[in-house]
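Analysis of the macromolecular model
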Amino acid sequence: AIARVVKINQKDHAQGHIRPDTAKWIRLGPAGIRAEAEGRLATAAPEQREFYESVVLVLDAASEFMVRYADLAAAMAADAASPEQAANLREIARICSKLSVRGAETFREALQATWFLYALLHLESNASSFSPGRADQYLYPYYLADIEAGRLDRAGALELIEALWLKFNQIVYLRNSHSASFFAGFPIGFNVALGGRDEMGRDESNDLSYLFLEAQGHILLPQPNLSARLHEGTPDTLLDECTRVVGLG
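These remarks concern the structure in this document. (Residues numbered from 1 in each chain as written. Predicted model: local features only at pLDDT ≥ 70, side-chain atom pairs only at ≥ 80, totals over all residues. Heavy atoms only, no water.)

1. Structural notes on the overall build of the protein
Rules: Numbered from the N terminus, helices here are DSSP runs of H or I no shorter than four residues, and strands are runs of E no shorter than two. Relative accessibility decides the category of a residue: with a 1.4 Å probe and only protein chains considered, values under 20% of the type maximum give buried, values over 50% give exposed, and everything between is partly exposed. We call two residues in contact when some of their heavy atoms are within 4.5 Å. All accessible areas in this document rest on Shrake-Rupley with a 1.4 Å probe, and a residue is counted as covered only by the protein chains that are shown. All tallies of charge rest on Lys and Arg as positive and Asp and Glu as negative; His and the ends of each chain are not included. Charge positions are represented by NZ for Lys, CZ for Arg, CG for Asp and CD for Glu.
A count of helical and extended segments in the protein gives ten helices and two strands. Across its three principal directions, the C-alpha atoms of the protein cover 55 × 50 × 45 Å. Taking all 249 residues of the protein together, the buried fraction comes to 43%. Considering only intrachain contacts with a sequence separation of at least 6, the fraction spanning at least 24 residues in the protein is 74%. Within the structure as shown, the protein displays about 13,600 Å² of accessible surface, and the carbon and sulfur contribution to it stands at 56%. Distance from the positive charge centre (24 side chains) to the negative charge centre (32 side chains) of the protein: 6 Å.

2. Digging into the pairing of strand S2 (residues 225–229)
We apply this condition: The pairing criterion is simple: DSSP has to find at least two bridges between the two strands. Looking down the strands as they point away from the viewer, one classifies a crossover as right-handed if the path from the first strand across the helix to the second runs clockwise.
Here strand S1 (residues 191–195) runs beside S2; their pairing, made up of five bridges, is parallel. Within S2, the residue paired with Leu194 across the bridge is Ala228. In the classification by handedness, the crossover that spans S1, the intervening helix H9 (residues 207–219) and the parallel S2 is right-handed.

3. What about a nonpolar patch on the surface?
So the rule is basically this: Candidate patch residues must exceed 30% relative accessible area and have no salt bridge, after which like charges are joined if within 9 Å and Val, Leu, Ile, Met, Phe, Trp or Tyr side chains if within 5 Å. When a carboxyl oxygen of Asp or Glu is within 4 Å of a side-chain nitrogen of Lys or Arg, the pair counts as a salt bridge.
Where nonpolar side chains cluster on the molecular surface, the patch consists of Ile2, Val5 and Val6 and spans about 290 Å² of accessible area. Within the element layout of this structure, Val5 appears in the segment before helix H1 (22–42).

4. Regarding the nonpolar core
Our working rule: In this description, a nonpolar core means a group of buried Ala, Val, Leu, Ile, Met, Phe, Trp, Tyr and Cys residues linked to one another through side-chain atoms lying within 4.5 Å.
Trp25, Phe107, Leu139, Trp165 and Phe212 are the most contacted members of the largest nonpolar core, which totals 51 residues. Ranked by the residues each element gives to this core, the list is headed by helix H4 (residues 107–125), at ten residues. The contact partners of Phe107, leaving out residues within four places of it in the chain, are Leu139, Tyr142, Tyr143, Asp146, Leu152, Ala157, Leu160, Ile161 and Leu208.

5. Comments concerning the packing of aromatic side chains
Each aromatic ring pair is specified by the distance between its two centres and by the angle formed by the two planes. Applied cut-off: For Phe, Tyr and Trp, where Trp contributes only its six-membered ring, two rings pair if their centres lie within 6.5 Å, and the inter-plane angle classes them as stacked under 30 degrees, edge-to-face over 60, or tilted in between.
Applying the stated criterion across every chain yields a total of twelve aromatic pairs. Considering the side-chain rings of Trp115 and Phe190, the 6.5 Å spacing of their centres and the 55° angle between planes classify their relative orientation as tilted. Of the two residues, Trp115 sits in helix H4 while Phe190 sits in the loop between helix H8 (177–183) and S1, which places them 75 residues apart along the sequence. You can call Trp115 buried: its relative accessible area is 11%. Phe190 gets classed as buried once you look at its relative accessible area, which sits at 0%. Their ring planes at 50° and their centres at 5.1 Å tell us that Trp165 and Phe212 sit as a pair that is tilted.

Shape is all these values report; function is a separate question.
Here it is as structure tokens:
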């Protein structure tokens, strides 16, 4: 009835800015969160059981989704064009298989887990604005551990971040004809924030903050929706880098 007065433009997907607990997902993975749900199911009241049973079912599906990617990457490795490509695909297969049963431990694993989460959420609801949030904060411990252990260098980390940025640009809504007349081609809206302060007011920018900006300067695509949290204590170097990347258009 209200459509006679105003336009209801989006009828084909869930709408809203949602920031999942990405850090927990990376740390526990679907198997770890499933174990939590099973623990609660064991003591759940009758009216709660169906909810926890559905959580277990969905997380089983998430693990199976990861295994399918592991199997695909392993099959592709057998037909790879070069030894380097084959090795990379085997590593992808290993990571996907691992993430199906436990949480991430390295920076590359954490980025892969992040992508799985947002791909799964989009599959579930064709929804907009699932936001990774302050990714430079919860990913930084994995990055730092790899750097200190010599498993990764800054250039390698930048390449992985740029790969994730490219993946963020691959999802576009499946729209009906009504919605497409207003919003055809709109990206999903992966909102990533960098910098900012902690609870004590101290600056929280780190090397990943700069790598995120560098990746954006190279990729120059609309996703992620990258934003910087600036305050009176923001380092001039970060402000300069933000200005440089904004200036690239």
